[in-house]
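Chains, contacts and geometry: an overview
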Amino acid sequence: FLIAAALVPIAFAGCLLSATKPVLARTASIAAGDDAVSLGGPTDRAERQYAAAAEADPFSAEPLEKLSELQFIRWEKEAGDASDSFEEGVELAGEAIQLNPFSPYGYRRLGGWHLKRFGRTGRKEDALAAADQFAKAVDRLPTQSGLRADFSDALEKGCRHEEARR
């Protein structure tokens, strides 16, 4: 009985450390990546930090969200459509959404990027892709008027005027 009682604190400490280690490593790597982004300049260091955070805590959507944001930052800085950076950002955002599918914010973020792409390209498909993402966000948080406004705006830009007025 005494041996079992002595093992309980050791087992508790082991569980605590194994559960918190990924979170602590992710948090430290994300902070380092955020510091690199705030300094401006090349995003390579930030990308390495966010990738390390994703590896440390593969169940967290945050590192993938940060990596997708980096791709969108690169896309904004590039001339023309720069589809590779945009598409890579969309793919990473999709992976982040898979880790947190019930949150409206990943869909809203992705809808916003599609709307920015529409502003650059003027293609109706980009506005409708934004509307699709905003619709998913509205499904998850129907009481958020800002999401509904974004959805309506994207529909309007996609030439779906009747749907936008509903």
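Residues numbered from 1 in each chain as written. Predicted model: local features only at pLDDT ≥ 70, side-chain atom pairs only at ≥ 80, totals over all residues. Heavy atoms only, no water.

**Considerations on the overall build of the protein**
Filter applied, for reference: Each helix is a run of H or I in the DSSP string that is no shorter than four residues. Each strand is a run of E no shorter than two, and both are numbered from the N terminus. Residue contacts follow a heavy-atom distance rule, with two residues in contact if any of their heavy atoms lie within 4.5 Å. Where accessible areas are quoted, they stem from the Shrake-Rupley method and a 1.4 Å probe; at the residue level, only the protein chains shown are allowed to cover.
Along its length, the protein carries 8 helices and 0 strands. Helices (α) and strands (β) of the protein occur, in sequence order from the N terminus, as α-α-α-α-α-α-α-α. Long-range contacts, defined as pairs at least 24 residues apart, comprise 55% of the intrachain contacts of the protein with a sequence gap of at least 6. Carbon and sulfur atoms form 59% of the exposed surface of the protein, whose accessible area is close to 9700 Å².

**Considerations on the nonpolar core**
Note the threshold: Remark: nonpolar core denotes a set of buried residues (Ala, Val, Leu, Ile, Met, Phe, Trp, Tyr, Cys) joined through side-chain atoms within 4.5 Å. Three exposure classes are used, based on accessible area relative to the maximum for each residue type with a 1.4 Å probe and protein chains only: buried under 20%, partly exposed in between, and exposed over 50%.
Membership of the largest hydrophobic core is limited to 12 residues, which are Phe-72, Trp-75, Phe-86, Val-90, Ala-93, Ile-97, Tyr-107, Leu-110, Trp-113, Ala-137, Val-138 and Leu-147. Secondary structure elements with two or more residues in this core: helix 3 (62-77), helix 4 (83-99), helix 5 (104-121) and helix 6 (124-140). The element that contributes the greatest number of residues to this core is helix 4, accounting for 4 residues. Formed by 11 residues, the second largest nonpolar core is a distinct cluster that contains Ala-36, Leu-64, Leu-67 and Ala-96.

**Observations regarding the pattern of salt bridges**
Defined as follows: Here a salt bridge means any side-chain nitrogen of Lys or Arg lying within 4 Å of a carboxyl oxygen belonging to Asp or Glu.
For the coordinates displayed, the defined rule picks out 15 salt bridges. Two residues, Glu-125 and Arg-123, come together in a salt bridge whose shortest N-O distance is 3.7 Å. By relative accessible area, Arg-123 is classed as partly exposed at 32%.

**Notes on the packing of aromatic side chains**
Spelled out, the test is: Pairs were defined over the aromatic rings of Phe, Tyr and Trp, the Trp ring being its six-membered one, requiring ring centres within 6.5 Å. Orientation was assigned from the angle between planes: stacked under 30 degrees, edge-to-face over 60, tilted for the rest. Only when the NZ atom of a Lys or the CZ atom of an Arg is both within 6 Å of the ring centre and within 35 degrees of the ring normal do we say a charge sits over the ring.
Under the counting rule described, the total for this entry stands at 4 aromatic pairs. Grouping aromatic residues by their ring pairs yields a cluster made of Phe-72, Trp-75, Phe-86 and Trp-113. The ring of Trp-113 has Lys-116 lying over it, and the distance from NZ or CZ to the ring centre is 4.8 Å. A cation over a ring is seen here: Arg-120 above Trp-75, with NZ or CZ 4.1 Å from the ring centre.

**A few points about the packing of helix 2 (residues 44-56) against helix 3**
Rules: Helix axes use the C-alpha atoms of the stretch in contact, all axes being lines fitted to C-alpha atoms, and the angles between their N-to-C directions lie in the range 0 to 180 degrees. Oblique is the label for every angle not falling under 35 degrees (roughly parallel), over 145 degrees (roughly antiparallel), or within 65 to 115 degrees (roughly perpendicular). Handedness of a crossing follows from how the near helix is turned relative to the far one, being left-handed for an anticlockwise turn of less than a right angle and right-handed for a clockwise one. In this classification, Asp, Glu, Lys and Arg are treated as charged, Ala, Val, Leu, Ile, Met, Phe, Trp, Tyr, Cys and Pro as nonpolar, and every other residue, Gly included, as polar.
Between helix 2 and helix 3, the least distance of the axes is 8 Å, while the angle of their chain directions is 155°. In terms of orientation, helix 2 lies roughly antiparallel with respect to helix 3. As for the relative orientation of helix 2 and helix 3, their crossing is left-handed in sense. Listed contacts from helix 3 to Asp-44, Ala-46, Glu-47, Tyr-50, Ala-51, Ala-53 and Ala-54 of helix 2 are Pro-63, Lys-66, Leu-67, Leu-70, Gln-71 and Arg-74. Among the residues forming the contact of helix 2 with helix 3, the class breakdown is 8 nonpolar, 1 polar and 4 charged.

**Here we look at the confidence of the model for the protein**
What counts is decided by this rule: What pLDDT reports is the predictor's confidence in each residue, on a scale of 0 through 100.
Taken over all residues, the pLDDT of the protein has a mean of 88, while the share at 70 or more is 89%. Of all secondary-structure elements in the protein, the lowest mean pLDDT belongs to helix 8 (residues 161-165), at 76, while helix 6 reaches the highest, 96.

**Thoughts on helix 5**
How we decide: Each helix should span, by expectation, one fewer than its residue count multiplied by 1.5 Å. Polar contacts, as counted here, are pairs of nitrogen or oxygen atoms within 3.5 Å of one another; within protein the pair requires one atom able to donate a hydrogen and one able to accept it, and residues that are adjacent in sequence qualify only if both atoms are side-chain atoms.
In this model helix 5 runs 26 Å from its N-terminal to its C-terminal C-alpha over 18 residues, within 8% of the 26 Å that 1.5 Å per residue would give. Burial in helix 5 covers these residues: Pro-104, Gly-106, Tyr-107, Leu-110, Gly-111, Trp-113, His-114, Leu-115, Arg-117 and Phe-118. Taken together, the buried residues of helix 5 touch helix 3, helix 4, helix 6 and helix 7 (145-157). The distance from a side-chain oxygen at the start of helix 5 to the backbone nitrogen of Tyr-105 is 3.3 Å, and the residue carrying that oxygen is Ser-103. Immediately downstream of helix 5, the backbone of Gly-122 shows phi near 75°, a positive value.

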